[in-house]
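# What the coordinates show
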Amino acid sequence: MKKQILVLCLALISLCAHAQVTIKGIVTSATDNEPLIGATIQVKGTGHGTVTDLDGNYTLANITEDNILVFSSIGYQTQEIRVANQTTINVVMAEAEEMLDELVVIGYGAVRKSDLTSSISTIKGDEITKVTTGNAMDALQGKVNGVQVTSGGGPGTTPKVLIRGVTTVNGSDPLYVVDGMPVGTNINFLNTNDIESMEVLKDASAAAIYGTRGSNGVILITTKKGSAGKTLFNVSSSVGFQTISNPNMAKASEYEQVFKTRYTNEGRTPVWNSKDNITDAEGTNWWDEVVNKTALVQNYALGISGGSDKLVYNLSLGYFHNKSQYDVGYWDKINIRLNTEYTFNQYVKMGFDIAPRIESWDDTPNLFSAAMAMDPTTPIFKPEEEWVDNHYNNYQRSYNNQEWNPVASLARQNAHSREYGVIVNPYLQITPIEGLTLRTQFGANAHIRRSDSFTPKFEIDQLEKSTYSNVSRQMNEWLDWNWTNTVNYMRTFNDKHNLNLMAGFTAERFAEFWVKGARDDTPNNSENLQEVHAGRLKQQADGNTIFSTLLSYIGRVMYNYDGRYYLTASLRADGSSKFPEGNKYAVFPSVSTAWRLTSEEFMQDQDIFNNLKIRAGWGRVGNQNIDNSAYLTLLSSSDAVFGRDPGRVTGATISSVGNRNLKWETVEDYNLGLDMSFLNSRLNVTFDIYQKKSHDMLYKKQNIFAVGYPDWNSQVTMNIGSMKATGWELSFDWNDRINKDLSYNVGLNLSSVKNKAIKLSGDGPVSLGGFNSDLILRNEDGAEIGRFYGYVADGLFQNVSEVYAHTDEHGTILQPNAKPGDIRFKDLNHDGVLDEKDKTYIGNAYPDLMAGLNIGLNYKRFDFNANFYGTFGNDIFNTTKRLYSGVNGSNVYAGTLNKVWQGEGTSYDIPRLTANDNNLNYTRVSSFYVEDGSYFRCKLLQVGYTLPKNIISGTDIRISFSAQNPFTITGYSGMDPERPQMGASVIETGIDWIAYPNPRTFLFGIDLKF
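Our next topic: the overall build of the protein. Counting its secondary structure elements, the protein contains 10 helices and 53 strands. With the C-alpha coordinates of the protein rotated into their principal frame, the extents come out at 115 × 80 × 65 Å. Buried positions account for 50% of the 1010 residues belonging to the protein. Contacts in the protein between residues far apart in sequence, at least 24 positions, make up 69% of those at least 6 positions apart. Counting every atom, the protein has about 45400 Å² of accessible surface; 54% of that belongs to carbon and sulfur.

It is worth spelling out the confidence of the model for the protein at this point. Per-residue confidence for the protein gives a mean pLDDT of 91, with 96% of residues at or over 70. The low-confidence segment residues 1–17, where pLDDT is below 50, has one contact with residues more than four positions distant or belonging to other chains.

Here the focus is the side chain of D675. Along the chain, D675 falls in strand β34 (residues 665–678). Relative accessible area serves as the criterion here: at 16%, D675 is assigned to the buried category. For D675, the side chain forms a polar contact with the side chain of R615, separated by 2.9 Å.

The tally for this structure, following the rule as stated, stands at 39 aromatic pairs. Where F771 meets Y929, the ring centres are 5.2 Å apart and the plane angle is 75°; that geometry is what we call edge-to-face. Of the two residues, F771 sits in strand β39 (residues 766–771) while Y929 sits in the loop between α10 (896–899) and β49 (930–932), which places them 158 residues apart along the sequence. A connected cluster of aromatic rings, assembled from ring pairs, spans F771, F788, F877, Y922, F928 and Y929. Note that R412 overlies the ring of F458, its terminal NZ or CZ placed 3.8 Å from the centroid.

This paragraph deals with the sheet that holds strand β10 (residues 120–124). With respect to topology, five strands assemble into an open sheet ordered β10-β15-β16-β13-β14, the strand pairing being mixed. Bordering the open sheet on either side are β10 and β14 (181–184), each of which pairs with just one other strand. Neighbouring strand axes in the sheet, compared pairwise and without regard to direction, differ in orientation by 25° on average. Here strand β13 (residues 175–178) pairs with β14 via three bridges, running antiparallel. Among the inter-strand pairings, V178 is bridged to a residue of β14, identified as M181.

Relative to strand β20 (residues 330–343), strand β19 (residues 311–323) runs antiparallel, the two sharing 13 bridges. The residue bridging Y313 from the neighbouring strand is T340, located in β20. If you look at the hairpin formed by β19 and β20, you'll find six residues sitting between the two strands, and G329 has a positive phi there, around 100°. For β20 and strand β21 (residues 348–362), the ladder comprises 12 bridges, and the chain directions are antiparallel. Within β21, the residue paired with Y342 across the bridge is M350. Where β20 hands over to β21, the hairpin turn is made up of four residues, counted between the paired strands.

What follows is about the sheet that holds strand β45 (residues 840–844). The strand order across the open sheet built from four strands is β39-β40-β42-β45, with neighbouring strands paired in antiparallel fashion. Sheet topology places β39 and β45 at the edges, where each strand pairs with a single neighbour. For this sheet, the mean inter-axis angle between neighbouring strands, taken without regard to orientation, is 35°. Here strand β40 (residues 774–779) pairs with strand β42 (residues 787–790) via two bridges, running antiparallel. Across the sheet, the residue bridging to L777 is F788, located in β42.

All right, on to the pattern of salt bridges then. Evaluated as defined, the whole model comprises 49 salt bridges. R82 is paired through a salt bridge with D607; the nearest N and O atoms lie 2.2 Å apart. Here R82 is found in strand β6 (residues 79–82), whereas its partner D607 is found in the loop between β30 (585–596) and β31 (609–623), with 525 residues between them in sequence. Classification of D607 by relative accessible area gives partly exposed; the value is 49%. When the shortest N-O distance is used, the salt bridge between E978 and K939 registers 3.8 Å. Separated by 39 residues along the polypeptide, E978 in the loop between β51 (956–970) and β52 (991–992) and K939 in strand β50 (residues 935–946) bring together distant segments of the chain. Just as E978 is buried, K939 falls in that class too. Each of R164, K202, R615, D675, D688 and E729 takes part in salt bridges that share partners, so that together they form one network.

To continue, consider the nonpolar core. Core analysis: the biggest nonpolar cluster contains 52 residues, and Y326, F368, I776, F788 and F877 have the highest contact counts within it. Mapped onto this core, the elements with two or more residues apiece are α6 (286–290), α7 (368–373), α8 (406–412), β24 (458–461), β40 and β44 (823–825). Among the nonpolar cores identified, the runner-up in size contains 26 residues, and V147, I187, M198 and I423 belong to it.

A word on helix α5 (residues 252–264). In this model, α5 (13 residues) spans 18 Å end to end at C-alpha, consistent with the 18 Å of a helix rising 1.5 Å per residue. Restricting attention to buried positions, one finds in α5 the residues A252, E254, Y255, E256, V258, F259, R262 and Y263. In this fold, the buried residues of α5 make contact with α10.

Our focus in this paragraph is the environment of K225. Following the sequence through the fold, K225 ends up in the loop between β16 (218–223) and β17 (229–243). A C-alpha to C-alpha distance of 8.1 Å links K225 and E196, two positions 29 residues apart in sequence. Within polar-contact distance, the side chain of K225 engages the side chain of D179 at 3.1 Å. A polar atom in the side chain of K225 sits 3.0 Å from the backbone oxygen of T223.

The next thing to look at is the side chain of T522. The residue T522 is located in the loop between β27 (497–520) and β28 (537–561) in this model. In terms of polar contacts, T522 uses its side chain to reach the backbone carbonyl oxygen of N524, at 2.8 Å. Setting aside its immediate chain neighbours within four residues, T522 contacts F454, S469, V471, L529, E531, A534, G535 and R536.

What follows concerns a nonpolar patch on the surface. Taken together, the side chains of F233, L302, L315, L317, I334, I336, L338, I358, Y420 and F1010 make up a nonpolar region of the molecular surface, amounting to roughly 760 Å² of accessible area. Contributions of two or more residues to the nonpolar patch are made by β19 and β20. In terms of residue count, β20 provides more of the nonpolar patch than any other element does, three residues in total. Structurally, I334 can be placed in strand β20.

Turning next to the environment of R787. Structurally, the position occupied by R787 is in strand β42. Along the chain, R787 and S767 lie 20 residues apart, while their C-alpha atoms are 9.8 Å from each other. When neighbours within four sequence positions are excluded, R787 is seen to be in contact with I776, L777, R778, Y841, G843 and N844. Polar contacts involving the side chain of R787 include one to the main-chain carbonyl oxygen of E784, which spans 3.4 Å.

Examined bridge by bridge, β34 and strand β35 (residues 683–695) share 13 bridges and lie antiparallel to one another. Paired with M676 across the two strands is V685, which belongs to β35. Between β34 and β35, which pair antiparallel in sequence order, lie four residues; one of them, L679, sits at a positive phi of approximately 50°.

Looking now at unusual backbone geometry. Residue N277 is not a glycine yet carries a positive backbone phi of 55°. Summarising the element assignment, N277 is placed in the loop between α5 and α6. Since its relative accessible area comes to 65%, N277 is described here as exposed.

Before going further, it helps to spend a moment on the environment of I614. Position of I614 relative to the elements: it lies in strand β31. By relative accessible area, which is 35% here, I614 ends up partly exposed. Along the sequence, I614 and F864 sit 250 residues apart, while their C-alpha atoms lie 34 Å from each other. Ignoring anything within four residues of it in the chain, the contact list for I614 reads T593, A594, W595, L597, G673 and L674.

Conventions and cut-offs
Residues numbered from 1 in each chain as written. Predicted model: local features only at pLDDT ≥ 70, side-chain atom pairs only at ≥ 80, totals over all residues. Heavy atoms only, no water. Helix = DSSP H or I, 4+ residues; strand = E, 2+ residues; numbered from the N terminus. Buried < 20%, exposed > 50% of the residue type's maximum accessible area, 1.4 Å probe, protein only. Contact = heavy atoms within 4.5 Å. Areas by Shrake-Rupley, 256 points an atom, 1.4 Å probe, with all protein chains shown as cover. pLDDT = per-residue confidence, 0-100. Polar contact = N/O pair within 3.5 Å; in protein donor to acceptor, adjacent residues only side chain to side chain. Phe/Tyr/Trp six-rings, centres within 6.5 Å; stacked < 30°, edge-to-face > 60°. Lys NZ or Arg CZ within 6 Å of the ring centre and 35° of its normal. Pairing = 2+ DSSP bridges. Axes fitted to C-alpha atoms, helices over the stretch in contact; angles between N-to-C directions. Salt bridge = Lys/Arg side-chain N within 4 Å of Asp/Glu carboxyl O. Core = buried A, V, L, I, M, F, W, Y, C linked by side-chain atoms within 4.5 Å. Expected span 1.5 Å × (residues − 1). Patch = residues over 30% accessible without salt bridge, like charges linked within 9 Å, V, L, I, M, F, W, Y side chains within 5 Å.

Here it is in structure tokens:
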């Protein structure tokens, strides 16, 4: 009996181990999220299978957990999924060229995504156009790991882009390459709707093929091309408005209280020039008078594409317009692009791309600070009985401070530019035998700009006037060309050895021509007389011609064995006219390798990884971002007065000091990466660690003080510096479909980088950021860059006893001018004196962590997108805190009286009001001004709805509502925690000077495809 029970138990165990279940699910297309009809689901190694119905559903019975299901459909990538313990398996099938077979553009070629050995990130054009912006890099914020994008705010402002930190003081912008043609470091001219995809080459093993111009990373942009078949039309538009937050300054009555309290706290009689006991209604709200509540933004695009088996084309037309928050200031552009390709036969094809454009803009003033500081008791205009014919004289001078009338400044703003440009990019490609491709491409980028400005003659007051009018015109012309010739050979041997070879050379020339003319004193301010020839005094003319050239030889070898082992090596030799004989050429090599473990036989029976690849790379890239004449010592004319009877004599003097030993700046890069996919490729994880270090950094060093040199502050460029960036990146991407109606995706990327100055000029610390005869930032050899340097504020003195208790070891009072309510500053070296020796590092402008979060949701015809971006651990030197002081009669923040110290315990951070500030509360560079600049900003919230196709036969119509920058989570008290990161340079950043903040934008959009 026991034996029979044992046999029965073993049978039950065996049955449970091979329990059969029924699998259900839905199969959809990744292209349009529509159900796939007739897709085949097969149990691998058997004849058991089924197909999907009209709704993409399938049911498959008698399946065990060790079975593997094979999903296939014509034109789609086949997928294999192990059943394991699942009973519902939903599959999203990508088209055959997508997923791991998707082509990724690299320098001078393209490879399958699965064959990448370097750190390259791709973003599709559809993701970029979700954000309405004039520069595509604004839309990239938070979507590509390791890329820090800081938006500028005002119309036409170019965003600041840092790829994997800072390794040079010679510019931080990456190189942009559009359809194989380098176009410099600014893509404001490009229509974002024309972009098919962007590839970001982040490490040197990827960017070294661009040699001299790749030290800050390279961004490859591919524009949209046509395809054979039916002509397709795409019309899109978005219209909306922008708004910025009101900083909420004090009205007239509170301003009067603050102003008078500053004096009475010192026992002095206020010097008050306005009416006593003024009401708010009698005052002026300068912010509302200067800054508009809304600014119009609009974007329109038309695309037409199609062709035959011989000729394909894509024609686009775009218009973008963005007004500033002032009555003046705007940026607009009109773009046309025609991309064509003609196939003569199986051996020869030719393409011709042309992209003309027109850009126009009025210069946007920066009057936010003036609108905040202006005396609110002052009216906009003088009394009418004092008006004169020159209406610029009729504005009122501030009663109680020296701030210029911002409404008057706005009325005088008169500077505008217009630019005409065209990019032409033809190419010829020959394939004489299978696998061998010869290509020549000649691209030219020409643009002409005219800039006019007029400053009127006016006199509001002796301290607010311009004695003469001034009119100027400048003409700039740029003509750059690039000739690229490459040979590519691709061959597979024995079905396992895959070889991809490339060699070639490029020649580039950059030319700029400019001339400027100006005169003072036009007969009057009439618009008809705002011409240079109408001026009567101080005729000025200047101009120059600037050339530089590059000649480069390139080569690359890519090999992989059986989709398992990968090796890529590249070499570029660059010769530049910017360097002297003997140092003109430099060589930039790179090598990278990868191992796909999931292609190994020992990984075939595991269910954890769908993809697992390890990458490693090393490379060198160069930097030549210096003056064209940096190695030349130049002369210019100069005047001197000589003789017993003094007379002016014209001679020559040194205008700039050259260095005949200049050589290339080089950045060396190491990268180690890991790519992983889990859960039927629904979860993708990428991790990278890297180090970038510059050698022979080009740095302008203080020259010797000697007779005959240009001036006491002359500088000479030398190879003396070195910087290092060390960091990591981690990204998670989840894509899933719940059923035929609901799908979603979530992406999270995290990155961190530390930027260190190993050596700068060698002349000691480099201090920048002028503030009250002091400097805010200090960059020191061997330390992180972008750190604030000043005194440590240790709270406020709450009573007289605390003032007298703040002494050295001998009882000497450290701050004899202090009173209760003033800032207590630390004596760090305990020498009994507050001086430069007590300064220390009080903050860092660069973040410890950058994060991006991207969410997408599709339910039936509705779609929802949300993008977030933030930085954490960075500090901001907030100069706007001085607006609590009322110093020099400046206006203050509303509620200042409730925030400043007015007695013991009333405040612990905002000092008392004083007319003298003998304690230097607001004039010292101290930690009082330093705030945590961390923020997490919603960059985009968008809801869209696609109308049923039967509304307009054959037409897809999608309407959307978007909010860009709708809210920000931050503890920062200034106007915008993001804007200070723009900075004047990579070593002078993180200071809030009240620049144009990033606005909130609300838009309605409509897209039609037919």
